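Here's the letter readout for the chains.
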Amino acid sequence: MKSTRVVVAAAQMKFRTAIADNVSVIAEVIHSSAKAGADIILFPECAVTGYNCDFAAVSRPEVEAALQSIARAARAARCHVLVGSPTFAGRKRFNSLVVFDRRGRTVFCYSKIHLTARDTRFFTPGNALAFFHLAGVPCTAIICHERRYPELVRLPVMLGAQIVFHANAGLDSLPVSKNKRHGRDGIPIRAFENEVYYVFANSVGRQGAGRWSAGDSKIVAPDSRLLALANNRDETVIQAELDLARAGRKYAREAMQEPAFLRIHWKTMLAACRRQL
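Residues numbered from 1 in each chain as written. Predicted model: local features only at pLDDT ≥ 70, side-chain atom pairs only at ≥ 80, totals over all residues. Heavy atoms only, no water.

Colleague: Account for the pattern of salt bridges, naming residues and giving values.
Modeller: In total, this model carries 13 salt bridges according to the counting rule given. In this structure, Asp119 engages Lys112 in a salt bridge whose closest nitrogen and oxygen atoms are separated by 2.6 Å. This pair shows no difference in class: Asp119 is buried, exactly as Lys112 is. Connected via shared salt-bridge partners are Arg5, Glu241, Asp243 and Arg246. (Salt bridge = Lys/Arg side-chain N within 4 Å of Asp/Glu carboxyl O. Buried < 20%, exposed > 50% of the residue type's maximum accessible area, 1.4 Å probe, protein only.)

Colleague: So what's going on with the layout of surface pockets? Residues and values would help.
Modeller: Space inside the largest pocket adds up to approximately 250 Å³. Classifying every residue of the lining of the largest pocket gives 6 nonpolar, 6 polar and 4 charged. Approximately 200 Å³ is the volume found for the second largest pocket. Of the residues belonging to the lining of the second largest pocket, the class tally is 4 nonpolar, 4 polar and 6 charged. (1 Å grid on protein atoms, 1.4 Å probe; cavity = no way out; pocket = protein on both sides within 12 Å on 5 of 7 lines; lining within 4 Å. Points joined across faces, edges and corners; volume = space filled by probe spheres on them. Nonpolar A, V, L, I, M, F, W, Y, C, P; charged D, E, K, R; others polar.)

Colleague: Outline the packing of aromatic side chains, listing residues and values.
Modeller: Taken as a whole, this structure holds 6 aromatic pairs when the rule is applied. With centroids separated by 4.8 Å and ring planes inclined at 55°, the aromatic side chains of Phe55 and Phe123 adopt a geometry described as tilted. Here Phe123 lies in the loop between β5 (106-111) and β6 (132-134) and Phe55 lies in the loop between β2 (40-42) and α2 (60-77), a separation of 68 residues in the sequence. Each of the two residues, Phe55 as well as Phe123, counts as buried. The lysine or arginine in question, Arg118, covers the ring of Tyr51, its NZ or CZ lying 5.2 Å from the ring centre. (Phe/Tyr/Trp six-rings, centres within 6.5 Å; stacked < 30°, edge-to-face > 60°. Helix = DSSP H or I, 4+ residues; strand = E, 2+ residues; numbered from the N terminus. Lys NZ or Arg CZ within 6 Å of the ring centre and 35° of its normal.)

Colleague: How would you summarise helix α1 (residues 19-35) if you had to cite specific residues and measurements?
Modeller: Here α1 contains 17 residues, and its C-alpha end-to-end distance of 24 Å stays within 8% of the 24 Å for a straight helix at 1.5 Å per residue. Regarding α1, the residues found buried are Ile19, Asn22, Val23, Val25, Ile26, Val29, Ile30, Ser33 and Ala34. Along the axis of α1, the buried positions cluster into a sector of 160°, meaning they face one direction only. Of the exposed residues in α1, the ones pointing more than 90 degrees away from its buried face are Ala20, Glu28 and Lys35. Buried-residue contacts for α1 involve β1 (5-12), β2, α2, β3 (80-89) and β14 (236-243). Looking at the residues trailing α1, positive phi occurs at Gly37, about 105°. (Expected span 1.5 Å × (residues − 1). Arc of directions from axis to C-beta. Contact = heavy atoms within 4.5 Å.)

Colleague: Let's hear about the sheet that holds strand β7 (residues 137-143): which residues, and what values?
Modeller: What links the strands of a sheet is backbone hydrogen bonding, and the strands pair in either a parallel or an antiparallel sense. In spatial order, the strands read β6-β7-β8-β9-β12-β13; together these 6 strands make up an open sheet with mixed pairing. Since the sheet does not close on itself, it has two edges, and those belong to β6 and β13 (226-229), each with one partner. Between one strand axis and the next, the sheet turns through 25° on average, direction left out of account. Pairing analysis gives 3 bridges linking strand β12 (residues 218-220) to β13, with the strands arranged antiparallel. By the bridge assignment, Val220 is partnered in β13 with Leu226. (Pairing = 2+ DSSP bridges. Axes fitted to C-alpha atoms, helices over the stretch in contact; angles between N-to-C directions.)

The analysis is restricted to geometry; functional conclusions fall outside its scope.
Here it is as structure tokens:
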């Protein structure tokens, strides 16, 4: 049954060097967030491994074992979990967001479509938009750099998504990172223009090699109000209760109707999106 209210949390992380250490933090946050009432928790991009690493040297068995541990934590806490991690298919490696339900089952896996120049050294681009249900709520997701591609949000919202989950791992020079602090990243606009909730989980602080992440994890209401905002220094978890009745998707729904000449093209495009799921 579709929920009318859901409590979401976003974990702002300082990545550890070892996968086991990241998994330990992730499991601890899952349990503490569930105790605090969270139904769904989002972790950053590549939270399992950290982002500023040599992914060619990352052990597939270790990553897959880590995801199994996170699935067990989700099941034990009875909490939906979205966690950034490399995933593998044959000889291909993807930058993914793995979605677990309350029973620890993998219910969706979104792979980053628009890769950064650094990503292309290690990852294959995905070829499907994100659309899935958690706690009965239709949701979508993007990863990091993909905030620059509004169609990755608008199309799933047209399909019915009411919550956008955005997993991020900042890797910027300090001046660029400072410019993104205190909510100056444009994210509230994406929530407003689609009339949906937006949950953003970022890494924070020094990332090595002179690179930084701005933190500023946030939860944004459909009217662009900040419901929760982390700082740019600390590892922390933010949380908010979402009233799904406010996520009416008004502007996305209206865009499907006018101008009239585009209606058939929207329908064709949405059918193509569904076929890729």
